[in-house]
Structure formats: C-alpha cells, structure tokens
Amino acid sequence: MEKVVGSTNISINAVQFDSRKVVANTLFVAQKGLHFDGHEFISQTIENGAVAIICEDLPQKIEGHVTYVQVIDSNDALAIVAANFYNNPSERLQLVGVTGTNGKTTIATLLYRLFKKAGNKVGLLSTIKIMVDDKELPATHTTPDSITINRVLNELVDAGGQYCFMEVSSHGIHQKRTSGLHFTGGIFTNLTHDHLDYHETFAAYRDVKKSFFDNLPKSAFALVNADDKNGLILLQNTTAKKYTYALKTVADYKVKILENRFEGLHLQINNQEIYTRLIGTFNAYNLIAIYAAADLLGLDNLENLRIISELTNVDGRFQHAISKGGISIIVDYAHTPDALKNVLETINVIRSNNEQLITVVGCGGDRDKTKRPKMGHIASSLSNQVIFTSDNPRTEDPEQIIREVEKGVSIENLKKTISITDRKQAIKTACKLANNEDIILIAGKGHETYQIIGKVKSDFDDFKIANEILTELKK
C-alpha cells in the first residue's frame, strides 16, 4: 500500500472491477488492462455509488466523501480484497490448481468427477464449466476473475464443499487472479508452444507457471510431470512438498501402458493393473496425475483405482463416435502444436493403417501467430488428408490465417492438403471423402459450441455438425 486518502471506517457492500456494475456502497478497483484502463472510469463509478476506490494512480480530483487507496498493483490488490471480502474461502476447503499447456481441463474435470463419485461435495473451475457440487455456472475464462473465484469458492463452502479443482492459466497467474488464494496442492502437466502472443518468449511463459509453484505454502503438495524437462525447473524454489509422476522416467508415481486401443487403455499404475475407457498416451499422463493427486489428498488407493476405471472422456477431449457406416469421428480441443501432435500420434498408434485419417484443422485469430505453420506441418505430416479451415478467426482475415498455416506444409505433403474457409463446408467435405472404417479428426475447438467470426459469436458444435452430416450422407 502506498497511500490512503479518506476514512477507512466505512461500510462496503460489494467489490467490483467493472465500472458498469458499480452500485451504492461499492469498492471499485481500477485495473490497467490490455484494452481498457479502469482509472478512466473512476468518476463514473463515484456517480454510481462507489464509496471507496483502489487505484495505482490517484485521480486529479479527490472527492471528500470517497476513500482512495493507492497501491502498486491493482490486480494483486483486487485478488486479496476479493478473498477477504468472501472470508477467505480457499482456506476453508482443499483447493488444487492444475497448470500447464495441455491437459488442465481433463485433469481438473476428472478429479472433480472422481471425488464426487467418492461421495464428496466438490467444486470445479474450468474452461468448460464452473461447478458448485451439482450446480453448474457459466465459464467465460480458463481462470476466472478474482471476484468470481472467491464468490464461487464461498458458495461451495456454504454448500458443505470439501474439495475444489481449478485450472490455473498463465494469463490468470500473470494477471494475479490467483493471488490471495490458499492452495492445498498444485499440478503441472507439460509446457509446450502456446500464448507467445501474450508472454512473448517461452522462458517468460515458463517463469509465470513457475511463480505459481514458488508461491505454494509449505503445507501444500507440488506434483509435476517428470517426463517434461520443465517439471523439475518448476520445483526449484517451491517450499511445498515435492512429488513427480511419469511414464518414461523414475518418479514417485509411475504409469505403464500395457494396451492402447480405441476401446480404452490397459495401464499399470504403481504396479497395479487397471482398465480405463480413456484413450491415448496423453490420457495415460492425465490419469497418473489424477491418481497421484487423489492419493496425496488421502483417497483410498483401491477406491481411487476403481473410480478411475469408470471415468469417461471430457467433452471435446478425444470425443469419439462411430457413424452407421463405420466412420470414426474424433473431436478434440487440440489447438497447440504439441496437443495436435499427441492426438494424431495416438490415432496413428491405434489404427490399423488400412483406413484413411482425414484431419480438419485451423488456427484461432487474434492469437499466437507463430504456431500456425507448425500446426500445418504436423497435420500434413501425420494425416492421409488434411483440410485447413477457419477456427475462430475473430477480427483477422480467415483466409490469411489459413495461408500462414499452409506455410508449414512441406513440398511432399502439399498434395494431401486442401483449404476450405467455411468450417461447416470443410467438415462436410471430410465426411464426403471418408469411406467406411476411415477416421475423421476435427481439431481445435473441441467443447466449444460456437464460432467467432469478426465480433459475432454464432452457434457451432463440431461434434453435432459432423454427426448430422454423416447421418444425412449415409441415408
């Protein structure tokens, strides 16, 4: 805190960072964002009833009836104030954060399901949804704002909640949305190419993730993927209890793949065999992380394994269906080079090679451009046929995005690729090209049930559209 102007003996009924939502007796926190500066709206919030302002820069005009608190970092202040306003709910349950490039949603969601099946009241904060035990709330960000996080956690505590599993994004860490939270544990999945439009360098991206583990309390556990070279780096300065999981290297929690088929995985977890309905090497990593976290949280090992064997895929994560004609449809959120490579390699390991693998993929607009040619190279190298199309182009020209993706295609793979800007038409073309037993992968949007073109958000569900087209074509 740098400076206080006015009385601190005042009553606050609400905390808000959105000037449009300020009402009487609100504490308004002015943040400096990428597109807006909350400091510009301070006078408006006072007109709407704000009685206290937290800001980095004091306004020129000071109102006598308003209290001003000048701070170094408004984001950090908002997180701490939000936690205090809701009576620090993260200290009244066991909160576990999951961070990394890929796997966050799957691990957080499956841990939520696992602990629910074990008879607990549980919360979930994820890209797909926010859950307060059985009650679903809309999710708009991978890591919500500090007020939403603490409000949800407080609601969960009031409902008798014991555990909460939360995706922790690099944006959320960097913007201090997780400051003021007390974590019982942290899980690291992997670190690959993503969000360099925001963090600029891979080292900066890694160091933001590392700061999450640096700030874990001594009482917490820090669980990392030892097969990722960044895993041990993230543990360097943490005071939390350190644990590792792995498929390939020595670790505290070890998984071995005995069978990998479209029907599921046959695994050995810490020398105990288990059959699961999840598919692929990446899910073997997800499952060992889930097993390890549940063990560290005190769940009985046999109960842990029994429930894991019953778990099913998360929506949009290797979501699999077979049409009447025997064509396999797989929808996956893979929107990074590493995630796309993992999904394609998983399919190629499992399939017999008598069938064709047709991939429909694009890249989002107003996001990291450097990964686009890499996505094009991976898709064209590991598929029999590729259709490049729009993802969520947002305010960028979708055809320009596709041209940047195409730059990664090597000369020998050019003949495998075609480009169709309209995503529905691209999916329809893939369905027309597919014969019985062929596999269609639709990558990039996964669970999303919308498409953003320009600033317009329209209904669009890859899985639903593909199944409707195949049903119509195979009549």
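Residues numbered from 1 in each chain as written. Predicted model: local features only at pLDDT ≥ 70, side-chain atom pairs only at ≥ 80, totals over all residues. Heavy atoms only, no water.

With respect to the pairing of strand β3 (residues 26-29)
For a regular strand, side chains alternate in direction, first toward one face of the sheet and then toward the other. What counts here: Burial status follows relative accessibility: with a 1.4 Å probe on protein chains alone, a residue under 20% of its type maximum counts as buried, one over 50% as exposed, and anything between as partly exposed. Secondary structure is summarised from DSSP: a helix means a run of H or I of at least four residues, a strand means a run of E of at least two, and numbering begins at the N terminus for each. The criterion for strand pairing is that DSSP finds at least two bridges linking the strands in question. Here the term right-handed applies to a crossover when the path leading from its first strand over the helix to its second strand runs clockwise, the strands being oriented away from the viewer.
Residue alternation in β3 divides its side chains into two sets, T26 and F28 and L27 and V29, and both sets are buried. Both strand β2 (residues 14-16) and β3 contribute to a ladder of three bridges, which runs parallel. The residue of β3 that forms the bridge with V15 is L27. Bridging between β3 and strand β4 (residues 50-55) involves four bridges; their strand directions are parallel. Bridge pairing links F28 to I53 in β4. The β-α-β motif built from β3, the intervening helix α1 (residues 42-47) and the parallel element β4 has right-handed crossover chirality.

Some thoughts on the environment of T389
For clarity, the threshold we go by: Between two residues, a contact is recorded if the distance between any of their heavy atoms is within 4.5 Å. Here a polar contact means two N or O atoms within 3.5 Å. Within protein one must be a hydrogen donor candidate and the other an acceptor candidate, and residues neighboring in sequence count only if both atoms are side-chain atoms.
Counting through the fold element by element, T389 comes out in the loop between β20 (385-388) and α13 (398-406). Sequence spacing of T389 and G362 is 27 residues, and the spatial spacing of their C-alpha atoms is 4.9 Å. Once residues within four sequence positions are removed from consideration, T389 is found in contact with V360, V361, G362, C363, I402, I420, T421, D422, R423 and A426. Here the side chain of T389 touches I420 through a polar contact of 2.7 Å, landing on its backbone oxygen.

Details of the sheet that holds β4
Spelled out, the test is: Each axis is a line fitted through C-alpha atoms, and for a helix only the stretch in contact is used; angles between axes span 0 to 180 degrees, taken between their N-to-C directions.
Pairing is mixed in the open sheet, where five strands are placed in the order β1-β5-β4-β3-β2. Because the sheet does not close on itself, it has two edges, and the strands there are β1 (3-5) and β2. With direction set aside, neighbouring strand axes in the sheet form an average angle of 15°.

Examining the confidence of the model for the chain
As a reminder of what qualifies: Each residue gets a pLDDT score, which is the predictor's confidence in that residue and runs from 0 to 100.
Model confidence for the chain is summarised by a mean pLDDT of 93, while 97% of its residues fall at 70 or above. Every residue in residues 194-199 is under pLDDT 50, and counting partners more than four places away or in other chains gives 29 contacts.

Considerations on the packing of helix α2 (residues 74-85) against helix α4 (residues 146-158)
In plain terms, the rule: When an angle is under 35 degrees it counts as roughly parallel; over 145 it counts as roughly antiparallel; between 65 and 115 it counts as roughly perpendicular; any other value is oblique. Here a crossing is taken to be left-handed if its near helix is turned anticlockwise relative to the far helix by less than a right angle, and right-handed if that turn runs clockwise. Gly is placed with the polar residues, together with every amino acid not listed as nonpolar (Ala, Val, Leu, Ile, Met, Phe, Trp, Tyr, Cys and Pro) or charged (Asp, Glu, Lys and Arg).
Here α2 crosses α4 at 20°, and the two axes come no closer than 8 Å. The angle between α2 and α4 falls in the class roughly parallel. Every pair of crossing elements has a handedness; the one defined by α2 and α4 is right-handed. Residues L78, A79, A82 and A83 of α2 lie in contact with α4, whose contacting residues are S146, I147 and N150. Tallied by class, the residues present in the contact of α2 with α4 amount to five nonpolar, two polar and no charged.

A few points about the pattern of salt bridges
Using the following cut-off: The rule for a salt bridge is simple: a side-chain nitrogen of Lys or Arg has to be within 4 Å of a carboxyl oxygen of Asp or Glu.
With the rule as written, the count across this model stands at 24 salt bridges. Linking K32 and E56 is a salt bridge whose minimum nitrogen-to-oxygen distance equals 4.0 Å. Here K32 is found in the loop between β3 and α1, whereas its partner E56 is found in the loop between β4 and β5 (67-70), with 24 residues between them in sequence. Taken together, the shared-partner salt bridges connect K116, K121, D133 and D134 into one network.

Some points on the packing of aromatic side chains
The condition that has to hold: Two rings from Phe, Tyr or Trp (for Trp, the six-membered ring) form a pair when their centres sit within 6.5 Å of each other. Planes less than 30 degrees apart are called stacked, planes more than 60 degrees apart edge-to-face, and all others tilted. The criterion for a charge sitting over a ring is simple: Lys NZ or Arg CZ within 6 Å of the ring centre, and within 35 degrees of the ring normal.
According to the stated counting rule, one finds seven aromatic pairs in the structure shown. Where F212 meets F213, the ring centres are 5.3 Å apart and the plane angle is 80°; that geometry is what we call edge-to-face. Using a relative accessible area of 5% as the deciding quantity, one classes F212 as buried. Judged by relative accessible area, F213 falls into the buried class, the value being 0%. Seen in terms of ring centroids, Y253 and Y291 are 6.2 Å apart; in terms of plane orientation they differ by 70°. Their pairing is edge-to-face. Taken together, the residues span a long stretch of sequence, with Y253 in strand β14 (residues 253-261) and Y291 in helix α9 (residues 281-296) at a distance of 38 residues. The class of Y291 is buried, set by a relative accessible area of 2%. Among the aromatic residues, those joined into a ring-pair cluster are F115, Y163 and F165. The cationic tip of K457 hangs over the ring face of Y450; the distance from NZ or CZ to the ring centre is 4.2 Å.

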